[in-house]
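The primary structure of each chain is shown beneath.
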Amino acid sequence: MPELPEVETVARTLRPVLEGAVVRSVSVLEKSLVRHGPKGLGVKLRGRKLTAVRRHGKRLTFDFDPGVALHVHLGMTGSLMLEEAGDPREKHTHLVFRFEGSIPELRFVDPRRFGGVWLGEPSSGRFSADLGPDALEVGLREFRTIFSRNRQAKALLMDQGTLAGMGNIYCDEALFRSGIHPLTRGNDITEAQVARLHRTMKKILKGAIAARGSTIRDYRASDGSEGSFQFRHQVYGREGEPCRRCGTAVMRVQIASRSTHLCPSCQPITKS
DNA sequence: AGTAAACTCCGGAAGC
DNA sequence: TGCTTCCGGAGTTTAC
């Protein structure tokens, strides 16, 4: 669920509250969420100052004062909530971070446990080795290289190692608004269309960030607020409803093993 | 009751 | 042969 706009909203919510905070203690209630093993998480972080909250693609990174970073991946149903120490704990609360002073607790809640955290090296360069360029940062030249491959457009946008941050929702929205069928091969898309997709993708992501993301079911920002971009979806979740551009019924099909929404007349398959 | 769901990793088959 | 792409299963809980 949380894709780039939702993770960015979480980062923006946490930043003013947590930057500068010093860790008092960490509780690991569900060990399987700590990917490198739970041993040492508290020891490693206790007494350290959180200096920055960063995001790359769907990944959040907390930098701590001397040379430690904690990466967080929210998976499908993960959330990071700011709550007072006395507040009742939500079910599926797996990690609790406490800070010095009157700063609220940070709680990692994740019913499906697809998310996780792991310790890493502090900020090294613009992006980490296992992720492609961030979808908001990627330049047109780099984007063209990505789309020079003989692979379905849907798969190219969704592969985090190729391009980081796009998930099912924004992928379908970006392809619709660019008039590209998700099955079209990267190397069958014209230069002009690739440029259009690059422009459209960023515009959608920025619009979604401004709307604080899309709340379909579970997603909430760290202060509990919902997003509103779901009201502006053109195809996602609109199977059978008329296309807002031409009136044709929106279709839902499986592409790259993912449920995919498209308008068959606005998004023709092209082949060169 | 069965199935699908917004994610990622991984192994192996298939394609070029 | 070797690289790229494709597919399905696992991990987990909830809701329709």
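Counting of residues starts from 1 at the beginning of each chain's written sequence and follows it residue by residue. Lettering for chains starts from A, numbering for ligands starts from 1, and both go in the order in which the items are written. pLDDT decides what is reported in this predicted model: residues at 70 or higher carry local features, side-chain atom pairs at 80 or more are listed and counted, and totals for whole chains, interfaces and linings draw on all residues regardless. Side-chain figures throughout are based on the complete set of non-hydrogen atoms in the structure, without hydrogens or water.

Caption draft 1: Focus on the packing of aromatic side chains. Classification of ring pairs rests on two measures: the distance between centres of Phe, Tyr or Trp rings, Trp counted by its six-membered ring, which must be within 6.5 Å, and the angle between planes, read as stacked under 30 degrees, edge-to-face over 60 and tilted in between. Under the defined criterion, the tally for this structure stands at 2 aromatic pairs. Geometrically, the ring pair formed by Phe 143 and Phe 147 is tilted, given 4.9 Å between the ring centres and 40° between the ring planes. Burial classification: accessible surface area is computed with a 1.4 Å probe over protein chains only, and a residue below 20% of its type maximum counts as buried, one above 50% as exposed, and the rest as partly exposed. A relative accessible area of 0% means that Phe 143 is categorised as buried. Aromatic pair Tyr 170 and Phe 229: ring centres 6.0 Å apart, planes at 35°, arrangement tilted.

Caption draft 2: Region of the structure containing the protein's contact with DNA strand C. What makes a residue near a molecule or strand is one non-hydrogen atom of that residue sitting within 4 Å of it. Close to DNA strand C lie Lys 91, His 92, Pro 111, Arg 112, Arg 113, Phe 114, Arg 149, Asn 150, Arg 151, Gln 152 and Arg 185, which account for all nearby residues. Backbone sugar and phosphate groups make up 65% of those atoms of DNA strand C lying within 4 Å of the protein. In this structure, a phosphate oxygen belonging to DNA strand C sits 2.7 Å away from a side-chain N or O atom of His 92. The contact in question runs from a phosphate oxygen of DNA strand C to an N or O atom on the side chain of Arg 185, over 2.7 Å. Classifying every residue of the surface near DNA strand C by side-chain character gives 2 nonpolar, 3 polar and 6 charged. For this analysis, a polar contact is any N or O atom pair within 3.5 Å, provided that within protein one partner can donate a hydrogen and the other can accept it, and provided that sequence-adjacent residues contribute only side-chain to side-chain pairs. Each residue is assigned to one of three groups, with Ala, Val, Leu, Ile, Met, Phe, Trp, Tyr, Cys and Pro labelled nonpolar, Asp, Glu, Lys and Arg labelled charged, and all others, Gly among them, labelled polar.

Caption draft 3: Broad picture of the domain arrangement of chain A. Here chain A is described as being made up of domain 1 (4-120) and domain 2 (140-262). In this document the domain limits rely on a domain assignment from an automatic tool or a database. Centre-to-centre, using C-alpha coordinates, domain 1 lies 28 Å away from domain 2. Each side of the interface is counted separately: domain 1 has 16 residues, and domain 2 has 18 residues. Taken over both partners, the interface formed by domain 1 and domain 2 buries close to 1,400 Å², and the fraction arising from carbon and sulfur atoms is 65%. Broken down residue by residue, the surface that domain 1 buries against domain 2 is led by Pro 5, Glu 6 and Thr 9, which jointly contribute 36%. Taken together, domain 1 and domain 2 are joined by 6 residue pairs in polar contact (both at pLDDT 80 or more). Secondary structure elements follow DSSP: runs of H or I no shorter than four residues count as helices, runs of E no shorter than two count as strands, and numbering proceeds from the N terminus. Contributing elements (two or more residues each) for the side of domain 1 that touches domain 2: α1 (4-18) and β5 (79-83). Residue contributions to the side of domain 1 that touches domain 2 peak at 9 residues, all from α1. Any two residues having at least one pair of non-hydrogen atoms within 4.5 Å are treated as being in contact. Buried area: the sum, over both parts, of the accessible surface (1.4 Å probe) that disappears when the two are put together.

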